[in-house]
Amino acid sequence: MKQILFVLLVGVTVLTSCEKSTENTMNVSGNIKGLKKGTLYLQQFKDSTLATLDSLEIKGDGTFSFSTEVNEPEVFYLYLKKEDNNDINDRITFFGESGDIVINTSWNTFDTNVDISGSKSHEKLLEFYDMASKFNIKELTLVQQASTPELQEDSVALDSIQRLINQNTISRYRYALNFGLNNGDSYATPYIMITEAREANPKYLDSIYKGLTPKVAASKYGKEFKAFLDENN
């Protein structure tokens, strides 16, 4: 009877141990359509240095899979070293977290036409970037208009365009701040604030920090956000 109880106890302990070792595992898999040859790297910033966590040599099949332990949602990178001697547009940024994340793309549009699923934090990041890109496109359009020869000689028209650019900038910051205030439970929020809204009014940024949930505030980017506010207040 004692032996049976011992075996059962060991079995439960092993199962519990396995569960603990996998509950924080991030599995990143997917396919790079059309890729015949290259090396794919899973990377992450550690102590201000971009470190390689794992790598995979690809030959003839663009399917890939990586697994790593994560303590909390954080930004990771997929870097593709292709056999074309061109390092441009070869890195995908994504918000990783525990669970299964699927990334599908193509070798020739590696970071520009990518589909990422399985990460709630990345969904929030993408939601912000989709809207932010509209402000960026509008500003680029206005700048291009101002650079035309006709308008270069029209100071009144140039002043008008500059006012539109300023209004667009204000609208972009308003959107970022409202996003932060409405998404205090997302790990993506402090990351967005320190990368996209650093020049916003510190008073409003402080309000966003105070609206973060305890877990988000205690996260890597939550702490970086707090340090940034302390330096600028």
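Refer to the structure presented above.
Just so we're clear, the structure is a prediction, and the values are computed from it rather than from any experiment.

Conventions used here
Residues numbered from 1 in each chain as written. Predicted model: local features only at pLDDT ≥ 70, side-chain atom pairs only at ≥ 80, totals over all residues. Heavy atoms only, no water. Helix = DSSP H or I, 4+ residues; strand = E, 2+ residues; numbered from the N terminus. Contact = heavy atoms within 4.5 Å. Areas by Shrake-Rupley, 256 points an atom, 1.4 Å probe, with all protein chains shown as cover. Axes fitted to C-alpha atoms, helices over the stretch in contact; angles between N-to-C directions. Parallel < 35°, antiparallel > 145°, perpendicular 65-115°, else oblique. Left-handed = near helix turned anticlockwise from the far one by under 90°. Nonpolar A, V, L, I, M, F, W, Y, C, P; charged D, E, K, R; others polar. Pairing = 2+ DSSP bridges. Core = buried A, V, L, I, M, F, W, Y, C linked by side-chain atoms within 4.5 Å. Buried < 20%, exposed > 50% of the residue type's maximum accessible area, 1.4 Å probe, protein only.

Chemist: So what exactly am I meant to see when it comes to the overall build of the protein here?
Modeler: Of regular secondary structure, the protein possesses eight helices and eight strands. Sequence separation of 24 or more characterises 58% of the internal contacts of the protein that already satisfy a separation of 6 or more. In the form shown here, the protein has an accessible surface area of approximately 14300 Å², with 51% of it arising from carbon and sulfur atoms.

Chemist: I would appreciate a short explanation of the packing of helix α6 (residues 202-210) against helix α8 (residues 220-232) in the present structure.
Modeler: Between α6 and α8, whose axes approach to 11 Å, the crossing angle comes to 150°. The angle between α6 and α8 places the two elements in the roughly antiparallel class. The two elements α6 and α8 cross, and the hand of that crossing is left-handed. In contact with P202, L205, D206, I208 and Y209 of α6, α8 contributes G222, F225, K226, F228, L229 and N232. Residues belonging to the contact of α6 with α8 are distributed by class as follows: seven nonpolar, two polar and two charged.

Chemist: Would you mind going over the pairing of strand β7 (residues 99-106) with me for this structure?
Modeler: Walk down a regular strand and you will see the side chains alternate between the two sheet faces. As paired elements, strand β1 (residues 25-33) and β7 share eight bridges and run parallel to each other. Looking at β7, one finds that S29 is bridged to V102. Where β7 lies against strand β8 (residues 115-117), three bridges are found, and the strand directions are antiparallel. Among the inter-strand pairings, V102 is bridged to a residue of β8, identified as S117.

Chemist: Could you clarify how one ought to interpret the pairing of β1 in this entry?
Modeler: Where β1 and strand β4 (residues 63-69) come together, seven bridges link them in antiparallel fashion. Note on β4: the bridge partner recorded for G30 is F64.

Chemist: What's the story with the nonpolar core in this structure? I'm lost.
Modeler: Buried together is how nonpolar side chains tend to be arranged in soluble globular proteins. In terms of nonpolar packing, the biggest core is built from 29 residues, with F95, F128, I192, M193, L205 and F225 touching the most fellow members. Here this core takes five residues from helix α5 (residues 188-196), the largest share from any one element. Filtering out sequence-adjacent residues up to four positions away, M193 remains in contact with A176, G180, R198, L205, I208 and F225. Counting residues in hydrophobic clusters, the runner-up holds 19 residues, among them F66, V70, L78 and F110.

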